[in-house]
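Observations on chain architecture
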Amino acid sequence: MKNFFWILKWQIRLIASILLSKFRNKENVSERIIKEISHVVKGKIIDVKPLGIAKSGNISYKVKLPHRTVKYFTCFSEKDAKAVKEISNLLQKNGILFPEVYSVVGKAVVSEWILGKQLQPIDLLLKPNILDKFVEYQAKIHKVDLKENMVLNFSYVDFLISRFEKETKNISLAKKVNLNLIKKRKQREYLSICHPDFTFSNIVLTSNNELCIIDNETIYFGHDLQYDIMNTKNICFRSNGFLKQKYLSLYKKYNPLFEYSEDDYDVLLWYVRQVGGNLVVGKKKKAMFFLKQAILLSRSKE
């Protein structure tokens, strides 16, 4: 019963978030944006709908063409955009469902538009096996062999550290946060395909009852599995201890190659993420709360 009310509460929050996002994205798409998209899509555009701007600054659009609908999005760099295409080819080669990438121009990517229903918290109750499918899908992506197909291109953890330093440059207290705890932890991880935002809201359930990750602006080859798992655990299951532990035990079942450990790295990185992310959107009070927590944790490790 406790899990039911927790899922229901999260479902209501998600619906409110989706409605707010749709309201914000009703803005008109400028001629400049349409021109940029048409240069990459290289075809007649019937309609363009904004999907939003991530805190990372990357943008995405749903683009309707005469014979199909595609997704247009930007990555941090040209190298990262090429990596998305490489990862798409690699995952499909390994039988893992992932949007096909049609073209890459600069740091812009045009990919397949996946039809389906967005995965939601209520599905944990309505579809008893959905959590297993969700974790197995994430583990499959992490386990893909990269010996012959790999270009190390990016680190989302490094991005979070950089964003933290940039957003707190005028906050003297931030210098008391020991970022070395995060940097040292990273060095123990093996190379894999990383997706730093593997959450329910970024996954659709297709008509064939398969899961597919649809927001891939920041997917990359890197050493950040610990962050991937930590972020999924905290975003998807929030304060529900039972589901958190179930998620972790299932991940261990599907990917025994990686030994995930909840430690101070997890906690500090989560604080760093929250500080930077909240400052970007102007939530200074909330950012300062997490900054103080990060300082206290850093002091305890001296």
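Predicted model only: the values in this text are computed from it and were never measured.

1. Remarks on the side chain of threonine 199
On the secondary structure map, threonine 199 appears in the loop between β7 (192-194) and β8 (203-205). Taking relative accessible area as the criterion, threonine 199 reaches 3% and is therefore assigned buried. Beyond its immediate sequence surroundings of up to four residues, threonine 199 is in contact with Phe134, Ile235 and Cys236.

2. Digging into the pairing of strand β4 (residues 101-105)
The two faces of the sheet receive side chains in turn, since in a regular strand these alternate between them. For β4 and strand β5 (residues 108-112), the ladder comprises four bridges, and the chain directions are antiparallel. When the sheet's bridge partners are listed, valine 101 is paired in β5 with serine 111. In this structure, the hairpin formed by β4 and β5 is closed by a connection of two residues, where glycine 106 is found at a positive phi of approximately 65°.

3. Concerning the sheet that holds strand β6 (residues 117-118)
Here three strands make up an open sheet; going across it, the order is β6-β8-β9 and the pairing antiparallel. In the strand order of this sheet, the two ends are held by β6 and β9 (211-213), each with one partner. When β8 meets β9, the two strands line up antiparallel, connected through three bridges. Residue pairing for β9: leucine 205 is matched across the bridge by leucine 211. Packing of helix α5 (residues 130-143) onto the sheet brings it into contact with β8 and β9, and relative to β9 it is tilted by some 45°.

4. Looking at the packing of aromatic side chains
Scanning all chains against the criterion turns up eleven aromatic pairs. Here tyrosine 137 and phenylalanine 198 contribute two aromatic rings whose centre-to-centre distance is 5.8 Å and whose plane-to-plane angle is 50°, an arrangement assigned as tilted. Taken together, the residues span a long stretch of sequence, with tyrosine 137 in helix α5 and phenylalanine 198 in the loop between β7 and β8 at a distance of 61 residues. According to the relative accessible area criterion, phenylalanine 198 is buried, its value standing at 2%. Plain terms: the ring middles of tyrosine 156 and tyrosine 227 are 5.7 Å apart, the flat faces sit at 40° to each other, and that makes the pair tilted. Residue tyrosine 156 is located in helix α6 (residues 156-167), and its partner tyrosine 227 is located in helix α8 (residues 225-237); the two are separated by 71 residues in the primary sequence. One exposure class covers both tyrosine 156 and tyrosine 227, and it is buried. Three or more aromatic residues joined by ring pairs form one cluster here, namely Phe134, Tyr137, Phe198, Phe200, Phe237 and Tyr247. The residue whose ring lies beneath arginine 68 is tyrosine 102, and the NZ or CZ to ring-centre distance is 3.9 Å.

Definitions and limits used
- Residues numbered from 1 in each chain as written.
- Predicted model: local features only at pLDDT ≥ 70, side-chain atom pairs only at ≥ 80, totals over all residues.
- Heavy atoms only, no water.
- Helix = DSSP H or I, 4+ residues; strand = E, 2+ residues; numbered from the N terminus.
- Buried < 20%, exposed > 50% of the residue type's maximum accessible area, 1.4 Å probe, protein only.
- Contact = heavy atoms within 4.5 Å.
- Pairing = 2+ DSSP bridges.
- Axes fitted to C-alpha atoms, helices over the stretch in contact; angles between N-to-C directions.
- Phe/Tyr/Trp six-rings, centres within 6.5 Å; stacked < 30°, edge-to-face > 60°.
- Lys NZ or Arg CZ within 6 Å of the ring centre and 35° of its normal.

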